[in-house]
Amino acid sequence: MEEKYLQKQQEYTFTVPRAEGQKVYHFGARRFKLLAGAVLICTVCMVGALGYMGYNFYQFRQERTDFLEYQAKKGELEAQLQSLLADNEKMLRDMSEITTLETKLRRALIRDTDSTKLGSDLSSASGETATAGNAPRYLGQGGPADLGVKEMAAVLTAQNKNMAQQIDEKKTSMSELLSELEGRNNKRSVFPDLWPTKGGTISSPYGGRTGPIGGGYDWHPGVDIAVEFGEPVYASAMGTVEVAGWNGGYGRYVRIDHGNGYETAYGHMSGIAVAPGQSVRKGEIIGFVGSSGYSTGPHVHFEVFVDGQNVDPMYMLKIGQRLNK
């Protein structure tokens, strides 16, 4: 019986050999199993811990990547927002300037025409409250909402798009107003209503008079304006020089065709500053006061023609004064 027990013990006992003189350790199967189990558990725990750490590290890397991407997108959105804000401010300034200029043009046109013709523009030019007949095209709406960067960028994009369209429409309107005003100014420019000298005295009016040298009745087809010798003589209207040179009793003489049947002539000058075929602006110097030709002293003889017929220059000047009020 004892032998069998020892034999059984030997079958389940492991001996760890040691050096001579050292203690010999004997391990039973039960103890070995416990040790192996402990090692396995430790190994599993370490693998699990490493796996958990690896997962957390992966999550950290992923979150860090997402955060960096978010930061980059946020930076791009903020840069876009700043650019949109800058564009918005510039458009607001442009809109304000264009609106101001448009208002001035409309007021100029209103002063320059019959109020019944531009009555529809009167209220908008004078700043009156819009009515149902001239309500604004863009009926804006809004509120106190607190918007994020992305939402604000979307709002500014929409605002800038609307303002760009309004600015284009204002430019078109300005162009039309300028064309109309320029057309009227051109008509005014060719109307001979500018006094041809700086000051002066009418020494001989238009019409019948006593001859300045020989006496007797004389028909005077213009007005004589007595001015100091050498003073500039100005074109009474825009046009093309027809004649520039000596013309008998007129002395040094200039005649200008202004179109629409209007012509003017200037005589007795001491010098001529233009040539035939030359275009001149209203108020441009065409010569200088003198006493050439049939003359008793320094002055400029000024004539106006309408469809080839002489008319009283003073009549044209008075019409111009009324038109320019």
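Residues numbered from 1 in each chain as written. Predicted model: local features only at pLDDT ≥ 70, side-chain atom pairs only at ≥ 80, totals over all residues. Heavy atoms only, no water.

**Topic: the pattern of salt bridges**
Convention followed: One side-chain nitrogen of Lys or Arg within 4 Å of one carboxyl oxygen of Asp or Glu is enough to make a salt bridge. Each residue is assigned to one of three classes by its accessible area relative to the maximum for its type, calculated with a 1.4 Å probe on protein chains only: buried under 20%, partly exposed between the two thresholds, exposed over 50%. Comment: elements are numbered from the N terminus, with helices defined as DSSP H or I runs of at least four residues and strands as E runs of at least two.
All chains considered together, the criterion is met by 5 salt bridges. A salt bridge links Arg209 to Asp218; the shortest N-O distance between them is 2.9 Å. What makes Arg209 buried here is its relative accessible area of 18%. A salt bridge links Arg209 to Asp224; its shortest N-O distance comes to 3.5 Å. Of this pair, Arg209 sits in strand β4 (residues 207-210) while Asp224 sits in strand β6 (residues 223-226), placing them 15 residues apart in sequence. Its relative accessible area of 8% is what places Asp224 among the buried residues. Within the structure, one salt-bridge network assembled from shared partners comprises Arg209, Asp218 and Asp224.

**Section: the confidence of the model for the protein chain**
The criterion, for reference: Here pLDDT means the predictor's own confidence in every residue, given as a number from 0 to 100. Contacts: residue pairs with any heavy atoms within 4.5 Å of one another.
In the predicted model, the protein chain carries a mean pLDDT of 76, and 68% of its residues have values of at least 70. Here residues 5-12 scores under 50 on pLDDT; set against residues more than four positions off or in separate chains, the count is 3 contacts. Low confidence marks residues 114-135, where pLDDT is under 50. Its contacts with residues over four positions away, or in another chain, come to 18 contacts.

**Some points on unusual backbone geometry**
Unlike most non-glycine residues, Asn260 shows phi in positive territory, near 55°. Along the chain, Asn260 turns up in the loop between β9 (252-259) and β10 (262-272). The phi dihedral of His268 is positive, around 65°, even though this residue is not glycine. Checked against the element boundaries, His268 lands in strand β10.

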